[in-house]
Structure formats: C-alpha cells, structure tokens
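Architecture at a glance
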2 protein chains.
Amino acid sequence: MDEKSRIPRPTAKRLTLYFRQIRTLAAAGRKTINSRQLGAALGLTGAQVRKDLACFGQFGHPGVGYQIPSLHEQLRQLLGRDRTWNAVLVGAGNIGRALLSYDRFSSEDFRIVAVCDADPSLVGSEWGGREVLAMDRIESAVHEHDAKLGIIAVPDHAAQQVADLLVEAGIEGILNFSPRRLDVDETVSISSVDFTRSLEQLAFQISFGVSGTEEDE
Amino acid sequence: MDEKSRIPRPTAKRLTLYFRQIRTLAAAGRKTINSRQLGAALGLTGAQVRKDLACFGQFGHPGVGYQIPSLHEQLRQLLGRDRTWNAVLVGAGNIGRALLSYDRFSSEDFRIVAVCDADPSLVGSEWGGREVLAMDRIESAVHEHDAKLGIIAVPDHAAQQVADLLVEAGIEGILNFSPRRLDVDETVSISSVDFTRSLEQLAFQISFGVSGTEEDE
DNA sequence: TTTTGTGAAACGCTTCACAGCG
DNA sequence: CGCTGTGAAGCGTTTCACAAAA
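So, here's what we can say about the structure. (Residues numbered from 1 in each chain as written. Chains lettered and ligands numbered in written order. Predicted model: local features only at pLDDT ≥ 70, side-chain atom pairs only at ≥ 80, totals over all residues. Heavy atoms only, no water.)

1. Digging into empty space enclosed by the protein
- Scanning all chains against the criterion turns up two cavities of 30 Å³ or more.
- Counted as a void, the largest cavity has a volume near 90 Å³.
- Every residue lining the largest cavity is listed: I95, A98, L99, F177 and F195 of chain A together with I95, A98, L99, F177 and F195 of chain B.
- Those elements that place two or more of their residues in the lining of the largest cavity are α5 (94-101) of chain A together with α5 (94-101) of chain B.
- Across the lining of the largest cavity, the residue classes tally to ten nonpolar, no polar and no charged.
- Size it by volume and the second largest cavity reaches roughly 30 Å³.
- Lining the second largest cavity are I95, F177, P179, V193, D194, F195 and T196 of chain A together with Y102 of chain B.
- Residue composition of the lining of the second largest cavity, grouped by class: six nonpolar, one polar and one charged. (1 Å grid on protein atoms, 1.4 Å probe; cavity = no way out; pocket = protein on both sides within 12 Å on 5 of 7 lines; lining within 4 Å. Points joined across faces, edges and corners; volume = space filled by probe spheres on them. Helix = DSSP H or I, 4+ residues; strand = E, 2+ residues; numbered from the N terminus. Nonpolar A, V, L, I, M, F, W, Y, C, P; charged D, E, K, R; others polar.)

What follows is the structure, given as structure tokens:
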C-alpha cells in the first residue's frame, strides 16, 4: 500500500513486459487474466507476477484475477506511457540512420525530434525527414522540443563527450549504443544497448557450454 | 581448481568486460594489474573481480596482482575469441543493413557471411558487399560457411519462424533483435537486443524516479 | 608490505505456502 | 471453491575479512 517503498531492480525490468502483454490482451478485448496465465506467457511464475504487481497497490481480485482494462491503464500511467517521449539522436552513422528509419521512433509513444552529428559533411543533409544538425545545436534542440531522452549512436571514443553535452543540455535519460560505460550525474538514467557484448556473450556460451541458455529477462 | 564447477550467471556476463579491459591494457603494453584497479575501471569491487576470475583457476600472484599478457591469453581462449565466428544474418531491413555496414561484423572476430530476406524484391540485391539470398538458402549458407551464429533482424511476427529455420539449419547461438521471446531448443544459446524495451525502461525510470540509475552490467 | 583466494556473513530476490477475500 | 497478497523459507550472489603467499 505504500507506493513509495523501494522497487526491486528485477521487478522494474519486468514491468515493461507485463505492460506489453496486457496491452495486447486489452487490444484483443479480453477482460480478465490471472497471475499464472500472465506469467506463463512471459516465462515467469504466478507468484512472481503477484509480488511484482503488489509493489504498486492492490490490483487483483481474489477468485477472479486482474481486470485487464484497469491494469492496462494503471501500468500505462506508472510507466509514463500516457505521454509522448521526445528524443534527440546524436550520431547519423549506420546505427543512427537505422533508428531514424525505424517506425517505432516516429510513433506517438517515442519520437526522434532532432539529429545531430559531428561530421560537417553530414550536417545539413536529410535523413528520415529530419535535417542533421551540428553538435552545438544539441542544447537548443533539447529545449525547443522539450526532449527528455538522448540517444548516443556515435563512435566509441566520442560517447562520453556526447553524454556530457546531453546532460548539460538537461536530458534526463540516455539510451547508449556505444560499448563504453558512461559516467554521468546520478540523476540521469542510462540504458545501454551493447550488441557487441551480446555477441561476445554468445561466443562464450557456445564455446564454454554454459548451461542456462536464456538470459535475464 | 575444478574447471567444471558451475559458473554463476552474473560472473559469465562480466567476463566479456574483463576481457575488453585486459585486451586494451595488453595492447598498451602494460604488464600487471590488481583486482581493485581492474574492478574500478568497470564499476566493480576488487573482491568481485577476484571471485569471478577464481572460477577458472589461479591467475593471480599475491602481492603483485595479475599478469596482463597471461590473463589476456587465458580469457581469450576461455571466451572462444581465439577463432572467427561466422554469422548468418536474416533480415535486410533497417537494422540488418546497419549491421552489414558495421565494421565490427567484418572483423576477424565476427563476420556476417550471408544475408537472407523474405522480400523477393530484395533478394539478389547487394548490401555491404554481400548478395541477399532467399530464405530457403539459410540452411545451405550455414553449412557452406560453417556458421555457428544466426542474427534475427526481421519484423516481430516472423521472428519465431526464422528462429526455427536457424535452429533446424544447425545454428548454435542466436542474436535476436526482435522484441519477441524466442522458444528454441535448450542447446541453442540466445542473446536478445531489445532496444524498444530499453527505451521503455528509461521512460519508466524517469517518470517514476527509480533510485539506481545504472543497469546490471 | 601488498595482494590474492576463500570461507563466512550479509544481502536481495524468488519461491513456497497459506490466510483471507470474493 | 479459485485466486490474490504476503510473511517466511530458500537460494544465489556480493561483500567482508583474513590466512597465506610473494
């Protein structure tokens, strides 16, 4: 009942999975689901699901399960999905351009509102309908669009420098595609997507024969 | 001393980080490092580093630390990085094309040796110097290049189907860029790169104000 | 000295099991 | 009945702290 009590990190990570599942079920018009069914779809136990959801209040109904429309709306607000998240992308290389073409980033949930790059030959060109801006335009872009998110898709050696610029511009969260560990102020959230590391992990698992085949999720 | 004893999952995940750091130090010509220094560079404690490395034998020298060249070579073999890993990429869309242009996948460590796509209008075209093959060529491509890795970069709804094809072709590890949970044989390793989820996580952390800002690593 | 390798303690998360509610 | 919410037990990982080695 105490909404302020600390949320276990693993629970926080699973919340997005619950939301996806519930959103799909809601769209399909289903009305209720119990903890065991919800967990089974995600490879989790019923107890796990109940413990996780109980962190945020009493959503369930004994003997029935969870009301899907209600749970959907509660999770939506909890996860901050009741608004649009604007993001500034830094780096118009291979990865950056792929992200610009990715329709998920032009949705009403998440939107890339500006692109910056250090390469003068790219500045002024257009990708995915957005003009590439110079690096010194990061701050103005963040303010102009009230962007809360920054996406780093630059070469490794420039990652920390770009992170500093984004933080200084007032960004609150960074999605980092570089393999570098970023050192930023504690108030800024970071989520790293290091697929080089994922690959390296695979190579290890195969050659060493580590038992468990799946990863955290 | 018992090389067969089970390795904790978190330890396995950190191994690649140690290797990267040691490789850099080795290239710089440094000879020794102690556990505290190695850990500090990665945001870990000295005790953590020692426990992790001790899983694989007695690498360190009391009063001195770890010999970098020797540790580098040991980790290299342990992680299977003493050979080239060939991968078959499935999906020549935005993400797939970005991966093809990514020089890390044309290195001597990891190499994309073939590209397949279901879209007939893409088959036969060339991306990053590689011809796009039809889906029914997956199996022959895997065998021809002795590929151990498969990379899934197709639309969500096709992910499981492609995974089945890859497993049937004899692939041993899958790098999955779709947000779908793949159901495969236990002997196949899976590593997922779900940056949509990373984004969603960021949105939650910012709007809810979750304390810890960093993630697992 | 310095620093490793390692039992033992501490911690955090998951699973169990059941009281209580519909 | 069926199912939730939750204290308590169980389990895996991290941290501590120190004997032993150089």
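2. Re a negative patch on the surface
- A cluster of acidic residues, E139, D164, E168 and D183 of chain A, forms a negative patch at the surface.
- Structurally, D164 of chain A is set in helix α7 (residues 159-168). (Patch = residues over 30% accessible without salt bridge, like charges linked within 9 Å, V, L, I, M, F, W, Y side chains within 5 Å. Areas by Shrake-Rupley, 256 points an atom, 1.4 Å probe, with all protein chains shown as cover. Salt bridge = Lys/Arg side-chain N within 4 Å of Asp/Glu carboxyl O. Lys, Arg positive; Asp, Glu negative; His and termini not counted. Charge placed at Lys NZ, Arg CZ, Asp CG, Glu CD.)

3. Examining the protein's contact with DNA strand C
- Near DNA strand C lie 23 residues; those nearest to it are R14 of chain A together with S35, R50, G63 and Y66 of chain B.
- The sugar-phosphate portion of DNA strand C accounts for 67% of its atoms within 4 Å of the protein, the bases making up the rest.
- Within the contact set of DNA strand C, a base oxygen lies 2.9 Å away from a side-chain nitrogen or oxygen of K51 of chain A.
- Secondary structure elements with two or more residues in the surface near DNA strand C: α1 (9-27) and α3 (46-54) of chain A together with α3 (46-54), β2 (60-61) and β3 (65-67) of chain B.
- Broken down by class, the residue content of the surface near DNA strand C amounts to eight nonpolar, nine polar and six charged. (Near = heavy atom within 4 Å. Polar contact = N/O pair within 3.5 Å; in protein donor to acceptor, adjacent residues only side chain to side chain.)

4. A look at the interface of chain A and chain B
- Counting residues at the interface gives 69 residues for chain A, matched by 69 residues for chain B.
- In total, about 6700 Å² of surface goes out of reach between chain A and chain B, with carbon and sulfur atoms giving 58% of it.
- Counting across the chain A and chain B interface gives eight salt bridges.
- In this structure, E200 of chain B and R20 of chain A form a salt bridge, with 3.3 Å as the shortest nitrogen-oxygen distance.
- Linking chain A to chain B there are twelve residue pairs in polar contact (both at pLDDT 80 or more).
- Counting only elements with at least two residues in the side of chain A that touches chain B, the list comes to α1, α5, β9 (173-176), β10 (189-192) and α8 (195-208) of chain A.
- Top contributing element to the side of chain A that touches chain B by residue count: α8 of chain A, with 14 residues.
- For the side of chain A that touches chain B, the residue count by class is 32 nonpolar, 18 polar and 19 charged. (Contact = heavy atoms within 4.5 Å. Buried area = accessible area lost by both parts, 1.4 Å probe.)

5. A look at the sheet that holds strand β2 (residues 60-61) of chain A
- Read across the sheet, three strands follow the order β1-β3-β2 (chain A) without closing on themselves; strand pairing throughout is antiparallel. The sheet terminates laterally at β1 (32-33) and β2 of chain A, the two strands that pair on one side only. (Pairing = 2+ DSSP bridges.)

6. Some points on the relation of the copies chain A and chain B
- Mapping chain A onto chain B calls for a screw motion: a turn of 180 degrees about the axis and a shift of 0.0 Å along it, with 0.1 Å RMSD after fitting. Expressed as an axis order, the relation between the two copies is that of a two-fold axis. Taking C-alpha positions as reference, the residue of chain A nearest the rotation axis is A98 of chain A, located at 3.0 Å.
- Taken together, the interface assignments show that 100% of the residues at the interface of chain A recur at the interface of chain B, consistent with an identical surface on both copies. (Least-squares fit on C-alpha atoms with pLDDT ≥ 70 in both.)

7. A few points about α3 of chain B
- Residues of α3 of chain B that are buried include every one of G46, V49, D52 and L53 of chain B, and no others. One side of α3 of chain B holds all its buried residues, which, seen down the axis, span an arc of 130 degrees. (Buried < 20%, exposed > 50% of the residue type's maximum accessible area, 1.4 Å probe, protein only. Arc of directions from axis to C-beta.)

8. Remarks on the protein's contact with DNA strand D
- Surveying the vicinity of DNA strand D reveals 23 residues, the closest of which are S35, R50, G60 and Y66 of chain A together with R14 of chain B.
- Close to the protein, within 4 Å, the atoms of DNA strand D are drawn from sugar and phosphate at a rate of 67%.
- Between DNA strand D and N34 of chain A there is a distance of 3.4 Å, counted from a phosphate oxygen to a side-chain nitrogen or oxygen.
- Q58 of chain A has a polar side-chain atom sitting 3.3 Å from a sugar or linking oxygen of DNA strand D.
- Listed by contribution, the elements that provide at least two residues to the surface near DNA strand D are α3, β2 and β3 (65-67) of chain A together with α1 (9-27) and α3 of chain B.

9. Brief notes about the pattern of salt bridges
- In total, this model carries 18 salt bridges over all chains according to the counting rule given.
- R76 of chain B is paired through a salt bridge with E73 of chain B; the nearest N and O atoms lie 3.4 Å apart. Note that R76 of chain B and E73 of chain B are positioned in helix α4 (residues 68-78) at a spacing of three residues, about one turn of the helix.
- Three or more residues are tied together by salt bridges with common partners; here these are R20, R81, R104 and D109 of chain A together with D194 and E200 of chain B.

10. What about the packing of aromatic side chains?
- On inspection of all chains with the given rule, the structure shows twelve aromatic pairs over all chains.
- Ring centres of F195 of chain A and F105 of chain B lie 6.3 Å apart, and the angle between their planes is 15 degrees; on these two criteria the pair is classed as stacked. Residue F195 of chain A is found in helix α8, and its partner F105 of chain B is found in the loop between α5 and β5 (110-116); the two belong to separate chains.
- Residue class for F105 of chain B comes out buried when judged on its relative accessible area of 2%.
- Site record: aromatic cluster; members linked through ring pairs are Y102, F105 and F177 of chain A together with F195 of chain B.
- Above the plane of the ring of W127 of chain B lies R97 of chain B, whose end atom (NZ or CZ) is 4.4 Å from the centre. (Phe/Tyr/Trp six-rings, centres within 6.5 Å; stacked < 30°, edge-to-face > 60°. Lys NZ or Arg CZ within 6 Å of the ring centre and 35° of its normal.)

11. What to know about the pairing of β5 of chain B
Residue and element names in this part refer to chain B.
- For β5, the tally of buried residues reaches six of seven residues, placing the bulk of the element in the interior.
- In this sheet, β5 lies alongside strand β4 (residues 85-90) in parallel orientation, the contact comprising six bridges. Bridge pairing in β5 links V88 to A114.
- The parallel pair β4 and β5, bridged by α5, forms a crossover whose chirality is right-handed. (Right-handed = clockwise from strand over helix to strand, strands pointing away.)

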